[in-house]
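Here's the letter readout for the chains.
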Amino acid sequence: MKNLKRFIAVAVFYVCASVSAWAQSAGADWSPSKPVRIVVPITGSTNDVLARLVAPKLQEALGQPVVVENKPGAGGNIGANEVVRSAPDGHTLLVGYNGPLAINVTLFEKMPYDPLKDLAPITLAVKAPQYLVVNPATGITSVKDLVAKAKAAPSQYSYGSVALGSASHLTMEMLKSAAGFHMTHIPYRGAGPAVTDLIAGNIQAGFFVPGNVQQFVKEGRLHLLATSGSKRFGSTPDIPTLVESGYKDFEATSWIGFLAPGGTPAPIIERYNREIVKILNQPDIRKRLIEMEFDIVASSPKQFSDWIRTEIGRWGKVIKDTGAKAE
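Residues numbered from 1 in each chain as written. Predicted model: local features only at pLDDT ≥ 70, side-chain atom pairs only at ≥ 80, totals over all residues. Heavy atoms only, no water.

(A) Looking closely at the overall build of the protein chain. Scanning the protein chain for helices and strands turns up eleven helices and eleven strands. Computed over the C-alpha atoms, the radius of gyration of the protein chain is 22 Å, within 12% of the 20 Å expected from 2.2 N^0.38 for a compact globule of 327 residues. Across its three principal directions, the C-alpha atoms of the protein chain cover 85 × 40 × 35 Å. The contacts in the protein chain between residues at least 6 apart in sequence include a share of 78% that link residues at least 24 apart. Total accessible area on the protein chain stands at roughly 14,600 Å², and carbon and sulfur atoms take up 55% of it. Counting 34 positive and 27 negative side-chain charges, the protein chain places the averaged centre of each group 5 Å from the other. (Helix = DSSP H or I, 4+ residues; strand = E, 2+ residues; numbered from the N terminus. Rg over C-alpha atoms; globule rule 2.2 N^0.38 Å. Contact = heavy atoms within 4.5 Å. Areas by Shrake-Rupley, 256 points an atom, 1.4 Å probe, with all protein chains shown as cover. Lys, Arg positive; Asp, Glu negative; His and termini not counted. Charge placed at Lys NZ, Arg CZ, Asp CG, Glu CD.)

(B) Examining unusual backbone geometry more closely. The residue Asp249 is not glycine, and still its phi comes out positive at about 60 degrees. The residue Asp249 is located in the loop between strand 9 (223–227) and strand 10 (254–261) in this model. Unusually for a residue other than glycine, Glu293 sits at a positive phi of about 65 degrees. Within the secondary structure layout, Glu293 lies in the loop between helix 10 (283–291) and strand 11 (295–296). Given a relative accessible area of 14%, Glu293 falls into the buried group. (Buried < 20%, exposed > 50% of the residue type's maximum accessible area, 1.4 Å probe, protein only.)

(C) Quick look at the packing of helix 7 (residues 191–200) against helix 8 (residues 210–218). Between helix 7 and helix 8, whose axes approach to 10 Å, the crossing angle comes to 25 degrees. Judged by the inter-axis angle, helix 7 sits roughly parallel to helix 8. Along this stretch, helix 7 crosses helix 8, giving a crossing that reads as right-handed. Along the contact surface, helix 7 presents Ala191, Val195 and Ile199, while helix 8 presents Asn212, Val213 and Phe216. Broken down by class, the residue content of the contact of helix 7 with helix 8 amounts to five nonpolar, one polar and no charged. (Axes fitted to C-alpha atoms, helices over the stretch in contact; angles between N-to-C directions. Parallel < 35°, antiparallel > 145°, perpendicular 65-115°, else oblique. Left-handed = near helix turned anticlockwise from the far one by under 90°. Nonpolar A, V, L, I, M, F, W, Y, C, P; charged D, E, K, R; others polar.)

(D) The packing of aromatic side chains, seen in detail. As enumerated under the stated definition, the model contains four aromatic pairs in all. Between Trp30 and Tyr272 the ring centres are 5.5 Å apart and the planes differ by 55 degrees, which places this aromatic pair in the tilted class. Placement of the pair is Trp30 in the loop between helix 1 (2–29) and strand 1 (36–40) and Tyr272 in helix 9 (residues 266–280), with a sequence separation of 242 residues. The burial state of Trp30 is the same as that of Tyr272; both residues are buried. On the numbers, 6.3 Å between centres and 80 degrees between planes, the contact of Trp255 with Trp307 is edge-to-face. Of this pair, Trp255 sits in strand 10 while Trp307 sits in helix 11 (residues 301–322), and the two are 52 residues apart along the sequence. The exposure class assigned to Trp255 is buried, which follows from its relative accessible area of 1%. Its relative accessible area of 18% is what places Trp307 among the buried residues. A connected cluster of aromatic rings, assembled from ring pairs, spans Trp255, Phe304 and Trp307. The aromatic ring of Trp307 is capped on one face by Lys127, whose charged end is 4.3 Å from the ring centroid. (Phe/Tyr/Trp six-rings, centres within 6.5 Å; stacked < 30°, edge-to-face > 60°. Lys NZ or Arg CZ within 6 Å of the ring centre and 35° of its normal.)

(E) Region of interest: the sheet that holds strand 4 (residues 119–128). Ordered in space as 2-1-3-10-4-11, the six strands form an open sheet in which the pairing is mixed. Looking at strand neighbours, the two that pair on one side only are strand 2 (66–70) and strand 11, the edges of this open sheet. As paired strands, strand 3 (residues 92–97) and strand 10 are joined by four bridges and run antiparallel to one another. By the bridge assignment for strand 10, Val95 is matched with Phe258. On the sheet, helix 3 (residues 77–84) packs against strand 1, strand 2, strand 3, strand 4 and strand 10 and is oriented at approximately 145 degrees with respect to strand 3. Packing against the sheet, helix 4 (residues 98–107) makes contact with strand 3, strand 4 and strand 10, and its axis sits at approximately 55 degrees to strand 3. (Pairing = 2+ DSSP bridges.)

The structure is reproduced here in structure tokens:
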């Protein structure tokens, strides 16, 4: 009997070892058999920049063309849902962010997909706090000044965001709630048109990731008031955080990651994770992302999945507390 048990134990060990070895081999051997699409559910944003930085490197690694496609609309839901409906065969990826992956779950009454069930996380690529910027013509020089002027003449002030339901949108809603002022929200399709209108004076303020506005701040075309992170940015050490500006525990982070359709086989996810993490850590890519004030995360699929779950709860609370709704 002991010999039989020992035989069974040894057999099970070798079977498990063989399965593990096969899985690793399959992950290493899988390659796309046709061009790969990377869907960006927003236009003119750091999401787009990240996708276009990674795409040519991924093309080299996979041996197939990698094409970036912008599919904006409904706070990122349209592009994300297109990926959800795609075949889970490794030929369609999503560059996702807070909106379609975490915020919209609470913001929208009906969602066409469940981000936790219908998408397969590959890696959380980068995270970044945001800049609170205003048009210099407003004469606003501080957060305190912004709040005072908006309270005195709320009809004269509006703010832009990169998309409905984005961190750019809800971070301002958080500040409005914390400071007790009103300002009309104007959602755009991406950072490009929002920042253009802000510079032109068609809107007066907004929260944007540094990569979208840093150059305009340096040129004096936008005025930087504060950052939404837990600490000051290294490149702008003189600019206070919103916590330092009097808003306790105020912190809001934007983030971007790569995902595949739900049900994509593990070997495919593992191959993409390995290649994209490697790309994110290449010196030239790291340099560019750091210049854009991003913190490079390059997580595992499990870590990204856990992050999305946490963010759904975090932003859900913000939406409920502020009463923000899909407009």
